[in-house]
Amino acid sequence: MALGSRVSSFPALFSVPHLAALGIVLFLCLLVYLARNRFSPRQRILFRWSAAVLLVANELAYHAWNAQNGLWSVQTMLPLNICSVLVFASAFMLAARSYPVYEFCYFLGIGAASQVLVNPDLGVIQFPHFLFFQTSISHGLVVVAAVFMTVVEKFRPYPKSLLKVAVGMNAYLLLMAVVNHWLGSNYLFIAHKPETPTLLDLLGPWPWYIPEMEALGAAIAGALYLPFLLQDLARKRGAVLPR
């Protein structure tokens, strides 16, 4: 993935299976939004725990598959890439109904996981391979989890959330730079660009693509915050946008 270290796991970009996977994720997000006010307290708990368990089980299955096939190593498989971190963070957010974790999962989860779903690694592994489903489930559920907590549990980010995510992500980036130097790894793709085609190929050479990647992330975070900014401005003017 563009923000993870995974075996190539998708068929040709925008092939029928790829479009179907995108469509299912979009449909689930839309379904959650349309039913946002119809979840009973019991149904909300059931949804959160079911999604949390599926996220963790799916990720553990991915590690087991790599270990069984001799592909697991500390250089590539530690859960340190942003999407791997977000899988476990999203599971914790859902189970504990954690707002501090939500702040990160909203901006990073939707931004990073959506980018991977739209622009997955291109490789020889085709549908219906296990990795096709595993990748779709993990990244799709990260997005759906953030949407659920926003529209059903009524969580929302604030300006301070943007600051928290920016500081936290940059601190984590520095930590991963040390880890990469120590292990000879490439977590977060800050040691070099990934081997397979990704959106990073549109950016400059190392190390200049790193600040460019941060600028792109800031733009995505700003776009994700825009609906709440508009809602706050509308309320100040006496109009209330639909929730």
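Hey, could you run me through the overall build of the protein chain in this one?
Check the secondary structure of the protein chain and you find seven helices and zero strands. Its helices and strands taken in sequence order, the protein chain reads α-α-α-α-α-α-α from the N to the C terminus. Across the 243 residues of the protein chain, 46% fall into the buried class. Considering only contacts within the protein chain whose residues lie at least 6 apart along the sequence, 75% involve residues at least 24 apart. Total accessible area on the protein chain stands at roughly 12300 Å², and carbon and sulfur atoms take up 74% of it.

What am I meant to see in a nonpolar patch on the surface here?
A cluster of nonpolar residues, Ile24, Phe27, Leu28 and Leu31, forms a patch on the protein surface that exposes about 390 Å² of accessible area. Inspection of the secondary structure puts phenylalanine 27 in helix H1 (residues 16-34).

Even after reading the chapter, I still don't get H1, so can you show me in this structure?
Residues separated by three or four positions in an α-helix point in the same direction, a consequence of the helix having 3.6 residues per turn. Compared with an ideal rise of 1.5 Å per residue, which puts 19 residues at 27 Å, H1 spans 26 Å between its outermost C-alpha atoms and is within 8% of the ideal. His18, Ala21, Leu22, Val25, Cys29 and Val32 are the residues of H1 that are buried. Each buried residue of H1 lies within a common arc of 95° when the element is viewed along its axis, so the set occupies one face. Residues Val16, Ile24, Phe27 and Leu34 are exposed on H1 and point more than 90 degrees away from its buried face.

Please explain the nonpolar core as it appears in this structure.
Soluble globular proteins: nonpolar side chains tend toward being buried together. In this structure, Met93 and Leu94 are the most contacted members of the largest nonpolar core, which totals 56 residues. Of all the elements in the fold, those that place two or more residues in this core are H1, helix H2 (41-68), helix H3 (82-96), helix H4 (99-118), helix H5 (130-151), helix H6 (159-183) and helix H7 (209-236). The biggest single contributor to this core is H4, with eleven residues. Look past the residues within four positions of leucine 94 in its chain and what remains in contact with it is Arg48, Ala51, Ala52, Leu55, Ala145 and Met149.

Is there a simple way to explain the packing of H4 against H6 in this structure?
A pair of packed helices is captured by two measures, namely the crossing angle of their axes and the spacing between those axes. Packing of H4 against H6 brings their axes to within 10 Å, and their N-to-C directions diverge by 80°. One finds that H4 runs roughly perpendicular with respect to H6. Together, Tyr99, Glu103, Phe104, Phe107 and Leu108 of H4 and Ser161, Leu162, Lys164, Val165, Gly168 and Met169 of H6 make up the contact between the two elements. Tallied by class, the residues present in the contact of H4 with H6 amount to seven nonpolar, two polar and two charged.

Quick question: what am I supposed to make of the layout of surface pockets here?
Leftover empty space is mapped by rolling, across the atoms, a probe with the size of a water molecule. By volume, the largest pocket is sized at about 700 Å³. Contributing elements (two or more residues each) for the lining of the largest pocket: H4, H6 and H7. With eight residues, the top contributor of residues to the lining of the largest pocket is H7. Of the residues belonging to the lining of the largest pocket, the class tally is 21 nonpolar, four polar and one charged.

Conventions used here
Residues numbered from 1 in each chain as written. Predicted model: local features only at pLDDT ≥ 70, side-chain atom pairs only at ≥ 80, totals over all residues. Heavy atoms only, no water. Helix = DSSP H or I, 4+ residues; strand = E, 2+ residues; numbered from the N terminus. Buried < 20%, exposed > 50% of the residue type's maximum accessible area, 1.4 Å probe, protein only. Contact = heavy atoms within 4.5 Å. Areas by Shrake-Rupley, 256 points an atom, 1.4 Å probe, with all protein chains shown as cover. Patch = residues over 30% accessible without salt bridge, like charges linked within 9 Å, V, L, I, M, F, W, Y side chains within 5 Å. Salt bridge = Lys/Arg side-chain N within 4 Å of Asp/Glu carboxyl O. Expected span 1.5 Å × (residues − 1). Arc of directions from axis to C-beta. Core = buried A, V, L, I, M, F, W, Y, C linked by side-chain atoms within 4.5 Å. Axes fitted to C-alpha atoms, helices over the stretch in contact; angles between N-to-C directions. Parallel < 35°, antiparallel > 145°, perpendicular 65-115°, else oblique. Nonpolar A, V, L, I, M, F, W, Y, C, P; charged D, E, K, R; others polar. 1 Å grid on protein atoms, 1.4 Å probe; cavity = no way out; pocket = protein on both sides within 12 Å on 5 of 7 lines; lining within 4 Å. Points joined across faces, edges and corners; volume = space filled by probe spheres on them.

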